[in-house]
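# Report on the structure
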Amino acid sequence: RSTLFPYTTLFRSQPLASRFSGLGSLPTRGEVLEALFALWHPDLPAETVSVEDALGRVTAGECRSRLNLPVVRASSGDGIAVDSERFRDGVPDTSGWEMGRDFVRADTGDDFDDRFDAVIMIEDVDIGEGGRLRIRDGVTVRKGDNVRPSGSTVREGELLAPKHVPLRPRDLACLHLGGVWDVPVLRKPAVAFIPTGNELVPPRSAVVRGKNVDTNSVLARTSLQLLGAEPLLYPIVPDDRAMLGRTLDDALGRADIVILNGGSSKGGEDHNARLLHERGKVLCHGVAAAPGRPLCAAMVEGKPVVNLPGPFIAAYHGFEWCIGALVSYCLHQPRPERRTLEATLDGDLPGADKISLLCSLDVRLGADGGYVAHPIDFRQSSSARTAAANAQYMTSLGGPPPRAGDRIVVELLREPGSIVRS
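A brief report on the enclosed structure follows. (Residues numbered from 1 in each chain as written. Predicted model: local features only at pLDDT ≥ 70, side-chain atom pairs only at ≥ 80, totals over all residues. Heavy atoms only, no water.)

### Overview of the overall build of the protein
To keep it simple, the criterion reads: Counting from the N terminus, the helices are the DSSP runs of H or I reaching at least four residues and the strands are the DSSP runs of E reaching at least two. With C-alpha atoms as the basis for the radius of gyration, the globule rule is written as 2.2 Å multiplied by the number of residues raised to the power 0.38. Only protein chains enter the accessibility calculation, which uses a 1.4 Å probe. A residue is then buried if its area is under 20% of the maximum for its type, exposed if over 50%, and partly exposed in between. Should any heavy atoms of two residues lie within 4.5 Å, those residues are considered in contact. Values of accessible area rely on a 1.4 Å probe in the Shrake-Rupley scheme; residue burial ignores everything except the protein chains shown. Residues scored as charged are limited to Lys and Arg (positive) and Asp and Glu (negative), so that His and the chain ends carry no count. Where a charge lies is defined by one atom per residue type: Lys uses NZ, Arg uses CZ, Asp uses CG and Glu uses CD.
Regarding its fold elements, the protein presents eight helices and 25 strands. Since a compact globule built from 422 residues should have a radius of gyration of about 22 Å, the 31 Å found for the protein marks it as more spread out than a globular shape. Summarising its shape, the C-alpha atoms of the protein cover approximately 100 × 55 × 50 Å along the three principal directions. For the protein, the residues scored as buried account for 47% of the 422 residues in total. Restricting the contact set of the protein to residue pairs at least 6 apart, pairs at least 24 apart contribute 73%. In the form shown here, the protein has an accessible surface area of approximately 21100 Å², with 48% of it arising from carbon and sulfur atoms. Counting 49 positive and 54 negative side-chain charges, the protein places the averaged centre of each group 7 Å from the other.

### Topic: the packing of helix α5 (residues 241–254) against helix α6 (residues 272–279)
Applied cut-off: Whenever a helix is involved, its axis is fitted only over the stretch in contact; in every case the axis is a line through C-alpha atoms, and angles between N-to-C directions fall within 0 to 180 degrees. Geometric relationships in this document are graded by angle, where less than 35 degrees denotes roughly parallel, more than 145 denotes roughly antiparallel, 65 to 115 denotes roughly perpendicular, and other angles denote oblique. When the near helix sits turned anticlockwise from the far one by under a right angle, the crossing is termed left-handed; a clockwise turn instead gives a right-handed crossing. Amino acid classes used here: Ala, Val, Leu, Ile, Met, Phe, Trp, Tyr, Cys and Pro are nonpolar; Asp, Glu, Lys and Arg are charged; the rest, including Gly, are polar.
At a minimum axis separation of 11 Å, α5 and α6 run at an interaxial angle of 60°. Taken together, the axes of α5 and α6 are oblique relative to one another. For the pair α5 and α6, the crossing hand works out as right-handed. Counting all contacts with α5, which are made through Arg241, Leu244, Gly245, Leu248, Asp249 and Leu252, the residues of α6 involved are Asn272, Arg274, Leu275, Leu276, Glu278 and Arg279. Tallied by class, residues from the contact of α5 with α6 come to five nonpolar, two polar and five charged.

### A few points about the packing of helix α2 (residues 29–39) against helix α7 (residues 312–330)
The geometry of α2 relative to α7 is characterised by a closest axis approach of 11 Å and an angle of 30° between their N-to-C directions. When the interaxial angle is binned, α2 and α7 end up roughly parallel. The two elements α2 and α7 cross, and the hand of that crossing is right-handed. Residue-level contacts link Arg29, Val32, Leu33, Leu36 and Phe37 of α2 to His317, Trp321, Cys322, Ala325, Leu326 and Tyr329 of α7. Residue classes in the contact of α2 with α7 are distributed as nine nonpolar, one polar and one charged.

### Digging into the sheet that holds strand β6 (residues 118–121)
This is how the line gets drawn: Strand pairing requires that DSSP identify at least two bridges connecting the strands.
Read from one edge to the other, the open sheet built from three strands follows the order β5-β4-β6, with strand pairing classed as antiparallel. Each of the sheet's edge strands pairs with one partner strand only, and the pair in question is β5 (104–106) and β6. Neighbour-to-neighbour, the strand axes of the sheet open up by a mean angle of 40°, direction not taken into account. Examined bridge by bridge, strand β4 (residues 79–82) and β6 share four bridges and lie antiparallel to one another. If you follow Gly79 over to β6, its bridge partner there is Met121.

Function cannot be inferred from these measures alone, as they are strictly geometric.
Set out below in structure tokens:
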């Protein structure tokens, strides 16, 4: 597993929470993940699904062909099937040949009568009125010409899909090609998402003073679905320690990974991080990355529990680097990666000495045909403006941030074809 998540440090001696006490000592995103992976060894069971329902599912084992195709043989192109023996001395007189007796049509993929053993391509023949056949001069015919033998398309026992790969449309077609109708896949990891906070109201509710809409539940559901997980969404839980504890117990009994959302800081109603300190082995409370620095990660009853900060962009960042990696690890997949391109900054990126920052960017085509990236500072912009960004960039820890005019490699949040001209 560690080859899929190659971080530099693996903490085994003591929790990260006890190693890092101040802002300058916060663990990096990679260190938090390595600490979780060192203590967590998920083993998802297999289940069998129909090939038609297996798109994106991860194979639990090797999938091999159950048959040979062609079963006996098939024509490799459109033409006619003939007996090669009649061509031993060149092209014979075919003026008296009859279709069905002396030759038959054999189109691409067709099998044909065992009396015939070769195929002449349709470009080399002319079938006139009444089935009269004329073969182009100079055509040579040998046994097996333009004939695909049994198993040339797929052989019985041939590997169609290896273990632990997500199934693509072409893989599904190949499985059917090999006579595989049902496929063993890993059960989707169940991920519980628990939104918390007295200030939250469900979507479609009236929003009054002091209340906020729970936007992170839809972020969680859709993000988890894209990752190949099964989201278990809980209703909003108020800031009540007893109720939070009961909800956490229920989620631990149902899910492989648990996410608490909100209550990760040190406010008077921030109970979630305290609950994790009481119930499990806290690996970190705070990470050297923002937005979302107060993130808390723990192991509770052998399962990872992550307390994501409540603000939308902070929760989004937590899904990007933490939750996505946990789900992929569970499914034996490499960490998700986005498409990238190189762009020139037209403004300075924000910087911090002891923390790396996720910077949202508006990338456009410049006058010279190159890409230009305009920074969107999440600390000074609305959540809506930040969410609309089409690219992002993570600053390096401890180094000076890129400045206007610098060339940087950005991660795309939309397809390159959607980028507009400045």
